[in-house]
Amino acid sequence: MNERDDFNERLRKARHRQGLDQNARGADGEGQGGLPASALRIGLRAGVEVVSALIAGAGIGWLIDRWLGTFPWLFMLFFAIGGVAGVLNVYRLFTPRKGARK
Amino acid sequence: MAAEGNTIDALSQFQLTHALGPVGAAVNFTQSNAFMLTAAVVIVLIMTVGMAPRAIVPGRLQAAAETFYEFIENLVIGQVGHEGKRYFPFVFTLFMFILLGNVIGLFPYAFTYTSHIAVTFGLAAVVFVLTTLVALALHGKKFFGYFFPEGAPVWLAPIIVPVEVVSYLSRPISLSIRLFANMVAGHVLLKVFATFVVLLGGLGIVGPFIAVLPLTVNVLLIGFELLVAFLQAYVFAILTSVYLHDAVHLH
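How each quantity is defined
Residues numbered from 1 in each chain as written. Chains lettered and ligands numbered in written order. Predicted model: local features only at pLDDT ≥ 70, side-chain atom pairs only at ≥ 80, totals over all residues. Helix = DSSP H or I, 4+ residues; strand = E, 2+ residues; numbered from the N terminus. Buried ≥ 20, exposed ≤ 12 C-beta atoms within 10 Å, placed from the backbone. Contact = placed C-beta atoms within 7 Å. pLDDT = per-residue confidence, 0-100. UniProt positions renumbered as here; feature names shortened; annotations may be inferred. Axes fitted to C-alpha atoms, helices over the stretch in contact; angles between N-to-C directions. Left-handed = near helix turned anticlockwise from the far one by under 90°. Nonpolar A, V, L, I, M, F, W, Y, C, P; charged D, E, K, R; others polar. Core = buried A, V, L, I, M, F, W, Y, C linked by C-beta atoms within 7 Å. Expected span 1.5 Å × (residues − 1). Arc of directions from axis to C-beta.

Asker: Teacher, can you tell me more about the overall build of chain B here?
Answerer: Of the regular secondary structure elements, chain B holds 7 helices and 0 strands. Here the C-alpha coordinates of chain B stretch approximately 75 × 55 × 40 Å along the principal axes. Counting only residues that meet the buried cut, chain B has 30% of its 251 residues in that class. Residue pairs at least 24 apart in sequence account for 63% of intrachain contacts in chain B once pairs closer than 6 positions are excluded.

Asker: So what exactly am I meant to see when it comes to the confidence of the model for chain B here?
Answerer: Atom-level detail of predicted coordinates should not be read off regions where pLDDT is low. Of all residues in chain B, 97% have pLDDT values of 70 or greater, and the mean over the chain is 89. Predicted complex metrics record ipTM = 0.75 and pTM = 0.81.

Asker: What is the right way to read the UniProt feature "transmembrane region" (unreviewed entry) in chain B from this model?
Answerer: All names here are of chain B. In this structure's numbering, the residues bearing the UniProt feature "transmembrane region" (unreviewed entry) are residues 34–52, 87–111, 117–138, 188–213 and 219–244. Across residues 117–138, the secondary structure splits into 100% helix and 0% strand, with the terminal C-alpha atoms separated by 31 Å. The span residues 219–244 shows a helical share of 100% and a strand share of 0%, and its end C-alpha atoms are spaced 38 Å apart.

Asker: Before we go on, may I ask you to explain the confidence of the model for chain A in this structure?
Answerer: All names here are of chain A. In this model, chain A carries an average pLDDT of 76, and 74% of its residues clear a pLDDT of 70 or more. When mean pLDDT is taken per element in chain A, helix α4 (residues 71–94) scores highest with 90 and helix α2 (residues 20–29) scores lowest with 46. Considering only residues more than four positions removed or in separate chains, one finds that residues 23–34, a stretch of pLDDT under 50, has 15 contacts.

Asker: Is there a simple way to think about the packing of helix α2 (residues 31–51) of chain B against helix α4 (residues 88–104) of chain B in this case?
Answerer: Each pair of packed helices can be summarised by the angle the axes make with each other and by the distance between the axes. Residues and elements named next belong to chain B. Viewed as axis vectors pointing N to C, α2 and α4 meet at an angle of 115°, and their least axial separation amounts to 9 Å. Seen along the crossing, α2 lies across α4 with a hand that is right-handed. In this structure, α2 uses F35, T38, A39, V42 and I43 to contact α4, whose residues at the interface are M96, F97, L100, G101 and I104. Classifying every residue of the contact of α2 with α4 gives 8 nonpolar, 2 polar and no charged.

Asker: So what exactly am I meant to see when it comes to the interface of chain B and chain A here?
Answerer: It is common to give the size of an interface as the accessible area that goes away when the parts come together. Chain B puts 16 residues into the contact, and the matching count from chain A is 19 residues. Broken down by secondary-structure element, the contributors of at least two residues to the side of chain B that touches chain A are α6 (157–201) and α7 (207–249) of chain B. A total of 10 residues in the side of chain B that touches chain A trace back to one element, the largest contributor, which is α6 of chain B. Of the residues contributing to the side of chain B that touches chain A, the split by class is 11 nonpolar, 4 polar and 1 charged.

Asker: How should I be thinking about the packing of helix α5 (residues 117–139) of chain B against α6 of chain B in this particular structure?
Answerer: Residues and elements named next belong to chain B. Between α5 and α6, the shortest axis-to-axis distance is 8 Å and the interhelical angle comes to 145°. Handedness of the crossing formed by α5 with α6: right-handed. Contact with α5, carried on its side by I117, T120, F121, A124, A125, V127 and F128, involves R171, P172, L175, S176, L179 and F180 of α6 and no other residues of that element. Across the contact of α5 with α6, the residue classes break down as 10 nonpolar, 2 polar and 1 charged.

Asker: Can you help me understand the nonpolar core in this one?
Answerer: Here is a general trend for soluble globular proteins: nonpolar side chains tend to be buried in one another's company. F95, F236 and A237 of chain B are the most contacted members of the largest nonpolar core, which totals 50 residues. Every element with two or more residues in this core is listed here: α3 (39–68) and α4 of chain A together with α2, α3 (60–80), α4, α5, α6 and α7 of chain B. A total of 10 residues in this core trace back to one element, the largest contributor, which is α7 of chain B. For F236 of chain B, the residues in contact, after removing those within four places along its chain, are L94, I98, L175 and L179 of chain B.

Asker: Even after reading the chapter, I still don't get α4 of chain B, so can you show me in this structure?
Answerer: What sets the pattern is the α-helix's 3.6 residues per turn: residues three or four places apart point alike. All names here are of chain B. Helix length check: α4 (17 residues) gives 24 Å between terminal C-alpha atoms against 24 Å at 1.5 Å per residue, within 8%. Burial in α4 covers these residues: V91, F92, F95, M96, F97, I98, L99, L100, G101 and N102. Residues of α4 that are buried make contact with α2, α3, α6 and α7.

Asker: What should I look at first to understand α3 of chain B in this one?
Answerer: Residue and element names in this part refer to chain B. Over its 21 residues, α3 extends 30 Å from the first C-alpha to the last, a length consistent with the 30 Å expected when each residue adds 1.5 Å. When we look at burial in α3, the residues that qualify are A65, I72, L75, V76, Q79 and V80. Looking straight down α3, one finds that the buried residues subtend no more than 105° of arc, so they occupy a single side. In α3, the exposed residues that point more than 90 degrees away from the buried face are R60, T67, E70 and N74. Residues of α3 that are buried sit in contact with α2, α4 and α7. Among the residues trailing α3, G81 stands out with phi positive, at a value near 100°.

Asker: In this structure, what is going on with unusual backbone geometry? I would like to understand it.
Answerer: Most peptide bonds adopt trans geometry, and most residues besides glycine take a negative phi value. Residue and element names in this part refer to chain B. Positive phi values are uncommon outside glycine, yet L20 reaches one of about 65°. With respect to the helices, strands and loops of the structure, L20 is situated in the segment before α1 (21–26). In this structure, Y109 is a non-glycine residue whose phi angle is positive, near 70°. Residue class for Y109 comes out exposed when judged on the 6 C-beta atoms lying within 10 Å of it.

Asker: Just checking my understanding: could you explain the environment of A137 of chain B for this structure?
Answerer: Residues and elements named next belong to chain B. Relative to the elements of secondary structure, A137 occurs in helix α5. On the neighbour-count criterion, A137 (10 C-beta atoms within 10 Å) is exposed. Sequence-wise, A137 and V217 are 80 residues apart; in three dimensions their C-alpha atoms are separated by 51 Å.

Written out as structure tokens, the structure is:
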């Protein structure tokens, strides 16, 4: 038993020395999915969020327009709404999930 | 195929062709379908053959099967909570299917079915419909409160509700585009540098020596693509769990 405690102590020290514990903590607290924070990856994720919200907004607008026969107007309105939703998506990406929205 | 006429043809690798000869052509069975079936068979083999010995000290295959299982189990329980165990089979199937699709696609002559938006959007649509149905089944009409946060002034509803609805509908799109774009970009890069190897290799005496450079890049890229293959499957699984969390806890 004493031997195992000794090993755990040495393992803890080694992990601390290599900065492994810190990494694990940083990754857990980061973003939506707990992915390690790399600037390029976060930038790409944010870009995908904005583009997909724009596509969703523009698509809905276009469909309703086609249904009601009011072509450019609702498309333009929902394009703007899609842009807002994209910003909202990015905002949610960077706010911690728990506590932000109750 | 890539270096025909000294041009770089990076996109023909994504073209669908019929597999299994005339039988495949008659029922529109493509090589994409063939690799989906291959992935499914490999997954079943890993899980059944791997777990067959049921050893206390696992062998290699059993260790692999247990690692996958526990990895996704921890992910689902960590994200959704304890009641998330019900959705573990769904997330595990998705994860393994995407992971095997990405990894098998890295083999020479193999086809990456996750590089088609039709496939990734199909998977994302399944996730979207399932999470919406779970939320509706668990919360009924209260689900629609999701689109209007409590405590916001009522006169803002005409702005907030459409924005929240569009944001909600953009989930499957971002989920599918992320996976599809990553796989396409990786395979285009591999193909472009592989074509450089062939083209530079033909440049007389110095050619083969220069061609070593893009070859080195490709060796590094394959390693990077393995990481991306795993990471994208992981991202898909974790975002599915996040959406399931939203559906179960509704906030």
